There are 2 protein chains.
Amino acid sequence: MKARVYVSFKPTVLDPQGQTIHHALNGLGHKSIAGVRQGKYFEIELAPGSVKEQIAKEMDQIARDVLANPVMEDYRVEFLD
Amino acid sequence: MKARVYVSFKPTVLDPQGQTIHHALNGLGHKSIAGVRQGKYFEIELAPGSVKEQIAKEMDQIARDVLANPVMEDYRVEFLD
């Protein structure tokens with residue numbers, strides 16, 4: 001089983017890297033882009049025999065404590081079979 | 001409408017950052033983690049009135065040419081209404 005954790009800045013936090021990409025894309029002629037925000041993404045391979053119900057709490061703890069900074073960032077955990 | 005682009009190293013490419021996170025998590029006692037790979041993730045806000053069918057080709061081009069390095073990285077584009 002796999003888990004995916006997506007980490008991105010909270011909407012209220014300025015994202016200069018995303019803004020730079022946005023301006024670069026507009027400069028390249030992609031006028032249909034109204035905004036870009038960059039985030040991180042972790043693909044986590046879980047040990048065989050992991051049960052989603054048991055692992056969900058642990059993954060949430062890992063995302064909150066290790067992968068994301070909850071002061072500035074939001075995270076989202078997703079499970080794949 | 002929004003698009004999300006996920007960029008990660010191809011499976012054959014070594015990911016030292018992911019390995020470091022993997023070892024750190026194991027060291028913290030999370031023994032159910034069998035592997036970690038890190039990637040990037042872009043949340044792209046599209047101009048109002050964008051039609052998915054028209055924008056899909058442009059987004060694929062942006063992902064391939066600007067956001068990812070297709071020699072080393074895979075990408076995946078996802079649309080949200």
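Quick look at the structure, then. (Residues numbered from 1 in each chain as written. Chains lettered and ligands numbered in written order. Predicted model: local features only at pLDDT ≥ 70, side-chain atom pairs only at ≥ 80, totals over all residues. Heavy atoms only, no water.)

## Re the overall build of chain A
- Along the backbone of chain A there are two helices and three strands.
- Going from the N terminus to the C terminus, chain A shows its helices and strands as β-α-β-α-β.
- Compactness check: chain A gives a C-alpha radius of gyration of 16 Å against a globular reference of 12 Å for 81 residues, more than 25% above the reference.
- Expressed as a percentage of the 81 residues in chain A, the buried residues total 38%.
- A fraction of 71% describes how many contacts in chain A between residues 6 or more apart in sequence connect residues 24 or more apart.
- Accessible area of chain A: about 4,500 Å², with a carbon and sulfur share of 54%.
- In chain A, 10 side chains carry a positive charge and 11 a negative one; their mean positions are 6 Å apart. (Helix = DSSP H or I, 4+ residues; strand = E, 2+ residues; numbered from the N terminus. Rg over C-alpha atoms; globule rule 2.2 N^0.38 Å. Buried < 20%, exposed > 50% of the residue type's maximum accessible area, 1.4 Å probe, protein only. Contact = heavy atoms within 4.5 Å. Areas by Shrake-Rupley, 256 points an atom, 1.4 Å probe, with all protein chains shown as cover. Lys, Arg positive; Asp, Glu negative; His and termini not counted. Charge placed at Lys NZ, Arg CZ, Asp CG, Glu CD.)

## Quick word on the interface of chain B and chain A
- Taken together, the 33 residues of chain B in the interface contact 33 residues of chain A.
- When chain B packs against chain A, the two sides together hide about 2,600 Å² of surface, and 61% of this comes from carbon and sulfur.
- It is His30, Ser32 and Tyr41 of chain B that lose the most area in chain B upon contact with chain A, and together they represent 21% of the buried surface on that side.
- Between the two partners, chain B and chain A, sit zero salt bridges.
- Scanning the region where chain B abuts chain A turns up 14 residue pairs in polar contact (both at pLDDT 80 or more).
- Of all elements in the fold, only β1 (2-9), α1 (16-27), β2 (33-46) and α2 (52-67) of chain B reach the threshold of two or more residues within the side of chain B that touches chain A.
- Per-element accounting of the side of chain B that touches chain A gives the leading share, 14 residues, to β2 of chain B.
- For the side of chain B that touches chain A, the per-class residue count stands at 18 nonpolar, eight polar and seven charged.
- With 13 bridges joining them, strand β2 (residues 33-46) of chain A and β2 of chain B adopt antiparallel strand pairing. Bridge pairing in β2 of chain B links Gln38 of chain A to Phe42 of chain B. (Buried area = accessible area lost by both parts, 1.4 Å probe. Salt bridge = Lys/Arg side-chain N within 4 Å of Asp/Glu carboxyl O. Polar contact = N/O pair within 3.5 Å; in protein donor to acceptor, adjacent residues only side chain to side chain. Nonpolar A, V, L, I, M, F, W, Y, C, P; charged D, E, K, R; others polar. Pairing = 2+ DSSP bridges.)

## A closer look at the sheet that holds strand β1 (residues 2-9) of chain A
- Across the sheet, which stays open at both edges, the six strands sit in the order β3(A)-β1(A)-β2(A)-β2(B)-β1(B)-β3(B) with antiparallel pairing between neighbours. Lying at the two open borders of the sheet, with one neighbouring strand each, are β3 (73-80) of chain A together with β3 (73-80) of chain B. For this sheet, the mean inter-axis angle between neighbouring strands, taken without regard to orientation, is 25 degrees.
- Pairing geometry for β1 of chain B and β2 of chain B, over seven bridges, is antiparallel. (Axes fitted to C-alpha atoms, helices over the stretch in contact; angles between N-to-C directions.)

Read these as spatial facts, not as claims about activity.
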